[in-house]
Amino acid sequence: MYPITAGLIVESKELWEELKQALAPHPIRLAFEASEIPQDWGPFIERIDRVQPDVILLEVTKLREPLDDVVKRLRATSSQPVIFALHTSAHPEAILTALRAGVSEYLYPPVAEPLHAALQRLSDSKEKAGKSTLRGGKIVAFLSAKGGCGATTIACHVAAEMARQNTGKILLADLDLQSGMVGFLMKTSPAYSLADAVNNLQRLDQSYWRGLISNGTPNLEIINAPTSPAAKQLPAGHVKQVVAFARTQYDWTILDLGRNVNPGTLSLLDMVDETYLVTTPEVPALHQAKQIIQVLLDAGYSRSHLRLLLNRTSKRIDVTFDELESMLGVPVFATVGNDFDALYEAFSAGRLVNESSGPGVDFARLASKIAGVAEQKKKRFSLFG
Ligand SMILES: Nc1ncnc2c1ncn2[C@@H]1O[C@H](COP(=O)(O)OP(=O)(O)OP(=O)(O)O)[C@@H](O)[C@H]1O
Ligand SMILES: [Mg+2]
């Protein structure tokens, strides 16, 4: 299901309980909850404008103001949410009034099934409308063609470099649920992880999020992958919802997807603006890269959003970029030189590589290219000018 953000305005206690239960299995983020429309519309409208719901579930059983006025005012907020009317019963007259007022659905107990169908319809229409409806920044993902190609190393350095180059507010999210290493490389050890966001979608707002992330350098925040084995099985739809939320909070959301393309990874792809497939020039890695590209294309991911990163290159690489492109069907976006010692030394000292080292320069160049900014000129001393 495509991520949906909802707001609730429900007064009847039983309806409220029933609704909460019916919503629980869905990857819905609850942006606000209220028991009634407040007398003072001003702050209420401001709040709705801030949290940008896709849908407002509005109980109309004992509404104090005319329904068409209420619907008009809610629909006029900046995200133009659709309205689902809720009623404790199915009065034909109430249904007619609600539909005339412009609500999209009229729901009454038992709500679970019709609510599910209504959310599915909404999710389908959002999906059809495409990414253009998504608010917020860009999402880029790093995927390792084969274990150990360097996706995590590159994701961490690019995130740190983009932050350093002031390209906006950046989130580095470790979505490698099996062997997430971002926390280790970035030297963060927060008590919370992606699993807490996923398991508390109903509470996911700015202040809850603040408690989960750790701060890297200025402009850079990090959400770690869960470490406990029990927390590693996260429903793909819920992870997607967290990423959709992140998109509204950051200019750049950088995902480390780990190796392997699984159903979870695939379901995320329609939100990912660019996927950087990290491979080395070795034949087994290139073979895997070719297979992954095919799987992504078969899943409907556009070739134009795919980028190839060639990591650990050295002078004696036998194939040309043109040959690689015709073999893999995707051009080489950038290369990062092989420098095991520089990375080993940095990681042993608990830091990222130095900006002026060989890979440091490559990471900086890559970060600028991804962010689409002109590379910052660095004062560097060179014997050869
Ligand atoms: N450009 C490079 N030069 C030398 N060594 C590198 C380079 N990039 C990464 N490495 C090394 O390769 C190893 C694997 O890197 P990393 O963990 O980033 O790969 P990965 O693709 O994320 O692996 P996994 O599939 O386990 O997630 C690390 O020891 C890292 O230091
Ligand atoms: Mg990794």
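What counts, and where the lines are drawn
- Residues numbered from 1 in each chain as written.
- Chains lettered and ligands numbered in written order.
- Predicted model: local features only at pLDDT ≥ 70, side-chain atom pairs only at ≥ 80, totals over all residues.
- Heavy atoms only, no water.
- Near = heavy atom within 4 Å.
- Polar contact = N/O pair within 3.5 Å; in protein donor to acceptor, adjacent residues only side chain to side chain.
- Areas by Shrake-Rupley, 256 points an atom, 1.4 Å probe, with all protein chains shown as cover.
- Helix = DSSP H or I, 4+ residues; strand = E, 2+ residues; numbered from the N terminus.
- Nonpolar A, V, L, I, M, F, W, Y, C, P; charged D, E, K, R; others polar.
- Pairing = 2+ DSSP bridges.
- Contact = heavy atoms within 4.5 Å.
- Axes fitted to C-alpha atoms, helices over the stretch in contact; angles between N-to-C directions.
- Expected span 1.5 Å × (residues − 1).

Enquirer: For this particular structure, what's the right way to read the site of ligand 1?
Expert: Around ligand 1 sit 19 residues in total, of which Ser 144, Gly 150, Thr 152, Thr 153 and Arg 259 are the nearest. At 3.0 Å, a backbone N or O of Gly 148 approaches an oxygen atom of ligand 1. Look at ligand 1: alone it shows 630 Å² of surface, and the protein chains cover 85% of it. When contributions to the shell around ligand 1 are tallied by element, the ones reaching two or more residues are helix 6 (151-164), strand 12 (306-313), strand 13 (332-337) and helix 14 (340-348). Per-class residue counts for the shell around ligand 1 are six nonpolar, nine polar and four charged.

Enquirer: I tried to follow the sheet that holds strand 7 (residues 170-174) on my own but got confused; where do I start?
Expert: Sheet strands line up and pair through hydrogen bonds in the backbone, either parallel or antiparallel. Taken together, the eight strands give an open sheet; going across it, the order is 8-9-7-10-6-11-12-13, and neighbouring strands pair in mixed fashion. Lying at the two open borders of the sheet, with one neighbouring strand each, are strand 8 (214-215) and strand 13. The pairing of strand 12 with strand 13 spans five bridges and is classified as parallel. Considered in strand 13, the bridge of Leu 308 is made with Val 332. The sheet strands contacting helix 6 are strand 6 (138-144), strand 7, strand 9 (220-223), strand 10 (252-259), strand 11 (274-279), strand 12 and strand 13, and the helix crosses strand 10 at an angle near 170°.

Enquirer: Looking at this model, I keep getting lost on helix 12 (residues 283-298). Mind explaining?
Expert: Because the α-helix completes a turn every 3.6 residues, residues three or four places apart line up on one side. Spanning 16 residues, helix 12 covers 23 Å between terminal C-alpha atoms, matching the ideal 22 Å at 1.5 Å per step. One or two residues past the end of helix 12 sits Gly 300, with phi positive at roughly 95°.

Enquirer: Would you mind going over the sheet that holds strand 3 (residues 55-59) with me for this structure?
Expert: With parallel pairing, the five strands of this open sheet are ordered in space as 2-1-3-4-5. Whereas interior strands pair on both sides, the edge strands pair on one side only; in this sheet they are strand 2 (28-34) and strand 5 (105-107). Along the sheet, successive strands turn relative to each other by an average axial angle of 25°, direction set aside. Direction of pairing for strand 3 relative to strand 4 (residues 82-86): parallel, over a ladder of five bridges. Looking across to strand 4, one finds that Glu 59 is bridged to Leu 86. Against the sheet, helix 1 (residues 13-23) touches strand 1 (4-9), strand 2, strand 3 and strand 4, its axis set at about 165° to strand 2. Strand contacts of helix 2 (residues 41-51): strand 1, strand 2 and strand 3, with the helix running at about 170° to strand 2, the strand carrying the most contacts.

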